Amino acid sequence: VAVNVTRMMVGAVFAIVALLFTACNQQAPTAASPQEYFNGKTVTVEVGYSPGGGQDTNARLTAKYLGKYIPGNPLIVVENRTGSDGLIAGQYTMQQPADGLSIVLVNNILPQKAALGGQPLPGFDVFHAAVLGNMQVSNRPYDNYMVCVRSDLAQSYQQTLAYVKQVGRPLTAGVFRSGSWGAVLPTYFDMPFKPVAGYTGTDTILQAMDQNELEVLVDGCNYEQIDRLHPDWLKKPSRVRPILNIDGSDLTPLKSAFDEAGWEIPPTIDQALNLTDFQKQLLKAGVDSSLTQTHEWMVRGDTPGWILQVERDALKSVTEDAAFIADMEKIYRKAGYVTPQQYDAYFRGLQGYTGELKEAMKMFAGLAGQ
Amino acid sequence: MDAFLHAISLALGEITSPTVLLAVLGGTVIGLISGALPGVATSGLVVLLSVASTMPVPVAIGLAMGMAAPVHSSDSLPAIMLGVPGTVAAQATIMDGYPMARKGQAGLALSAGYFASLIGSLAGIVILVAIMPVARLVVNTFAAPEFLVMGLMGVAVVAVVSSGAMLKGLLCGAAGLGIAAIGIDPNLGYPRFVSDGVPQLYNGLDLVTVIIGIFALPEVMGLFIENRSVARDVTAEAMWRNINAGRREGMRAVLRNKLLILRSVALGVVGGIMPGMGQSVLDWLVYAFARSTEKGASQTFGTGDVRGVIAPESANNATNAAQLIPTLALGIPVHAYQALYLSLFIILGLQPGPRLLNDHLDVVMFIAFSLALSSVVTTATLLLMSRFVARIALVRAAVLAPLVMVFLVLAAYTSKNNLFDLVLLAVAGFVGWHMKRYRWPRPPLVIGFVVGPILERYLNIALNTYTLTDMLTRPGVVLIVLSAVVIAFYASRIAGSTAAQPIATVAKEPTYA
C-alpha cells in the first residue's frame, strides 16, 4: 500500500509540474483570423450574483445572441460565481489567461468602491481591466426616480411636510441597500424620511408599501416598476402618489398614464426646495451615477487589441438585433450600447469627487460603513 | 368562474399534447437526478432553464415545472441513505431517516418519505390553485412582525431539538447565530468579522457548504473509519426482506399519520407563502413541531422514527408548490429556484404579478397541472427504484465513502464556483466531526445559522416601522403566538403522558444528533 501511495504522489507531482510548465509557456493568442481563433471555443461569462437576478438575466439574455456575432460562433456559457458584489467573479476572471475567453459582468458598485475608497480592490483592478461595453441604456422617463407617498397620508410634498409635523416623526422609507436615494435624501436634503434597510429588492419594498408597512417610496418609485408589479396603482384611487421628481426627467410623455392614476406631474427637487450649491452638485452626481447602467462587461486589461475589438463589435451588434431589442422590452429594459469611453469618463468623474461630496457619494453607493 | 373553467380547459389541452408531456417527463427525470446529487439542484436548474428559454412557452414551462417537482422528493435519498442532505430543505429528514437506514429500515424510510412527499406536493398544488385569486390578500397578511415572530420560533426550535443536552444545545445555537453575523451588516453596511484579505467572507458563509460540512462530512468520515456499510448491523438477507416489506409499510405509516401530514402541510404552505422565510428554517420548525406534538416523539425522534421522515418530507413538498404563490401572483421570488423561474417567465414574455393572473390564468393552471403530473411520476419512479436504491446501505464504506466524498466536494464548490468554499467545507467538517465525537448537538448550530439573518433583518424592519402595540395586535402575529401557546400546552400534555410510560417501551437507539 505504501508503494502505491508513493507512486500516486510522484505521479501527482509530475502532473502538477506539467500543468505549471504548460501554463507558464502560454503565449498571447494569435490566429490567422478571428474566425479561426474563436471557432470551437467556449467564451465564459462570469456573473457575480445569484441565478435569476437582474445581472444574471442580463447576462443570459445577451449570451443568447452573443455567439452569433463573434466570428467562428463560439459557445457562450454563463457561470455564477457569487460573492462580495461581484469581486470574486472579477478576481477569478483576472486570473484567467488574457485570451478574451473569460468575461466578467461587473456591477457599478465595484468601480464606485475603488474610486471612492481611493485604493484598488484586492485582486481585481477595475481601472486596468478592459471594458467591452454594456448592452443596456437608461429608459427615461419610464425608469426615472421619484418620491412617492402613500396617498392616504398626503397628496403633495407640502402636505407630506404638514403630515410629518402633525405626527411628530419622520416617515418610513424602505431601502434595500444601506445607501441609494432613500438614504441620501434625508441626510443631505433634510427630507423628513427615515430609511429602513433590510428589504431585499424593489419587489419587497413595493409589497411593504402595499401592506402599509412603509409610508414613503423612494427606491422603487418609478413608472416601470409600478406598472410591472402593481398595475392597480396606476388606476384611481391609487395607493401611492408621486410628490417629487428626483432626477428631473421630462415626465410629460407619461401625462395620460398619470391622469389615469389621478396623479399630478410632480415638481423636481430644485423646484420644490431651495437647494444649496452643494446639494445641486450632489443631485447632479447622483443622477449621473444612476444614468450609468450597472452591467459593464470586462476582460483582462492585457487582452490583445484585436480580440477586444471583435468582442466590442459583437456586443454592439447584439444591441442592434431586433430580437434582442424585443426580448429586452419584454423585461422593461432598453437595448443600447454604452461605449468603453463613456464608462471611462464616468469612472474618472467618480475619482474626482472630494470632501463632503465624496462622503455623500459613498453613502449613495452604499459604502458608508466601508 | 367561467374564466377559471376556461383556463382549466386550456391548460388541460396544453398538457395533453405529446410534446409538452414529453417535456414534463424529461424535466422530471432531470429533477430526479439533480435532487439526488447533493448541491446539484440549483446548477442543474440553471442549465435546464438556459435551454428552456429558447423553447416555445408550454414546452419551456413544462420542462421547468417537471424539474421543480421531484427535487424535494429525491433529495431525501441521500439524506436517508447517507446522512447527506440533497438540498437545504432535506436537513431534518436526516434526523430520523439516516438512523433508520443504519437499522436496516431504508426501504421503510424511503417509501414513507416518497409517499409523504407526493401527498404534500398534491396538497400544496390544490392550495396554490385555490389561493391564487386571493393571493395578494393572503401574502399581505404576513409582514415584518410575523417574520420576526416566526424567526423567534426558529430560535425556540433550538431548545426543542436540544432536550437532553439543553446547555450544549443553547451554546451551539448561539454559536450558529454568531457565525451567521459574518459578512456585511445588512442594515448599516458595516463589515463584520471580515477583512479585505478574505473578500469571500463579505457575503457571509455559504449555507450549503456549512450544512454539508457540519452534517455530511462527519458521517462519511465515520464510514471511512468504521469501514463498514451504512446498515452496519444488518445482514443482506434481512435487509432485502426489510426493503420489500418496508415499501408497503412506509405507505401505510403515512396513511396512519393523517393528522401529522395535515399539520405539516399546513405549516409548509404558510411558510411557502411567506417571502423571506427560508426553507431551512421551515424544515426545522416542522420537525420540532412534530417532535413536540406527536406521542412519544420526544424519546423516539432522532433515533429512527418514521414520523420524523413523514413530517419534513410532506411539508417541504407543500412548501415547494406554495412558494409559487408569491412568485406568480406578486412577482416576489421566495427562493433561488423561484428567482430562476421568475427569470425564465420574464424571458418567455410572461411577467409574473397581477397581470399574469388576469391575462394568463391558463398558464397558472398549466403550471399547477405540470407540477401535479410530475409529482405522480416522481413518486411512482422513486417507489419502484427504492428496492434497488436501498441497497446502497449495504455497500462497503471503502467503495461508498470516496464516491460520496467526491460529490460533497463538488456540491460545496458548485454552490458558488469558489475555491474558498472548499476551505470552508474542511473547517465545517472538522467542527462537525468533533461535535459528533464529543456529543455536541449539531442541529442547533445549523438552526442558529439559518435563523440569524432572518431575525436580524426583520427585527430591524419591525422596530423601525411598527410600535410594540401595532406589532402585538396584528392578526398574523396573534395567530402565530396563539398557535405556539397551544402547541406548547399540547406538547407538555403529550410529554406528561409519555413520561408515564415504562421506560422499556421507549426505543433505545443511537441518536443522530
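Residues numbered from 1 in each chain as written. Chains lettered and ligands numbered in written order. Predicted model: local features only at pLDDT ≥ 70, side-chain atom pairs only at ≥ 80, totals over all residues. Heavy atoms only, no water.

**Notes on the sheet that holds strand β4 (residues 130-137) of chain A**
Residue and element names in this part refer to chain A.
- Reading across the sheet, the six strands line up as β2-β1-β3-β10-β4-β11 and stay open at both edges, with mixed pairing between neighbours. Strand pairing shows two members of the sheet lacking a second neighbour, β2 (75-80) and β11 (334-338), which therefore form its edges. Strand-to-strand, the axes of this sheet are offset by a mean angle of 25 degrees, without reference to chain direction.
- Both strand β3 (residues 102-106) and strand β10 (residues 296-299) contribute to a ladder of three bridges, which runs antiparallel. Residue pairing across strands places Val-104 opposite Met-298, the latter belonging to β10.
- Across the sheet, helix α13 (residues 305-319) touches β3, β4, β10 and β11, and the angle it forms with β4 is around 0 degrees. (Pairing = 2+ DSSP bridges. Helix = DSSP H or I, 4+ residues; strand = E, 2+ residues; numbered from the N terminus. Axes fitted to C-alpha atoms, helices over the stretch in contact; angles between N-to-C directions. Contact = heavy atoms within 4.5 Å.)

**What to know about the packing of aromatic side chains**
Residue and element names in this part refer to chain A.
- For the structure on display, the rule yields 14 aromatic pairs over all chains.
- Ring geometry for Tyr-37 and Phe-38: centres 4.9 Å apart, planes at 80 degrees, overall edge-to-face.
- What makes Tyr-37 buried here is its relative accessible area of 6%.
- Classification of Phe-38 by relative accessible area gives buried; the value is 0%. (Phe/Tyr/Trp six-rings, centres within 6.5 Å; stacked < 30°, edge-to-face > 60°. Buried < 20%, exposed > 50% of the residue type's maximum accessible area, 1.4 Å probe, protein only.)

**Quick notes on the interface of chain A and chain B**
- Counting residues at the interface gives 47 residues for chain A, matched by 49 residues for chain B.
- Between chain A and chain B, the buried area comes to about 3800 Å², and carbon and sulfur atoms account for 51% of it.
- Ranking the residues of chain A by area buried against chain B places Gln-207, Gln-211 and Glu-213 of chain A at the top, with a combined share of 13%.
- One can count two salt bridges joining chain A with chain B.
- As a salt-bridge pair, Asp-210 of chain A and Arg-136 of chain B come within 2.7 Å of each other at their nearest N and O atoms.
- The interface formed by chain A and chain B includes twelve residue pairs in polar contact (both at pLDDT 80 or more).
- Mapped by element, the contributors of at least two residues to the side of chain A that touches chain B are α3 (54-69), β2, α4 (87-95), β7 (193-196), α8 (202-210), α9 (223-229) and α14 (322-330) of chain A. (Buried area = accessible area lost by both parts, 1.4 Å probe. Salt bridge = Lys/Arg side-chain N within 4 Å of Asp/Glu carboxyl O. Polar contact = N/O pair within 3.5 Å; in protein donor to acceptor, adjacent residues only side chain to side chain.)

**Considerations on unusual backbone geometry**
Residue and element names in this part refer to chain A.
- Of note, the amide linkage connecting Arg-140 to Pro-141 takes the cis form, showing an omega dihedral of 0 degrees.
- Assignment of secondary structure puts Pro-141 in the loop between β4 and β5 (146-150).
- Of the consecutive residues Lys-236 and Pro-237, the connecting peptide bond is found in the cis state with omega at -10 degrees.
- As for its position among the elements, Pro-237 is in the loop between α9 and β9 (240-245).
- One non-glycine residue with positive phi stands out, namely Asp-190, at about 55 degrees.
- Here Asp-190 lies in the loop between α7 (181-188) and β7.
- Under the relative-accessibility criterion, Asp-190 is labelled exposed at 64%.

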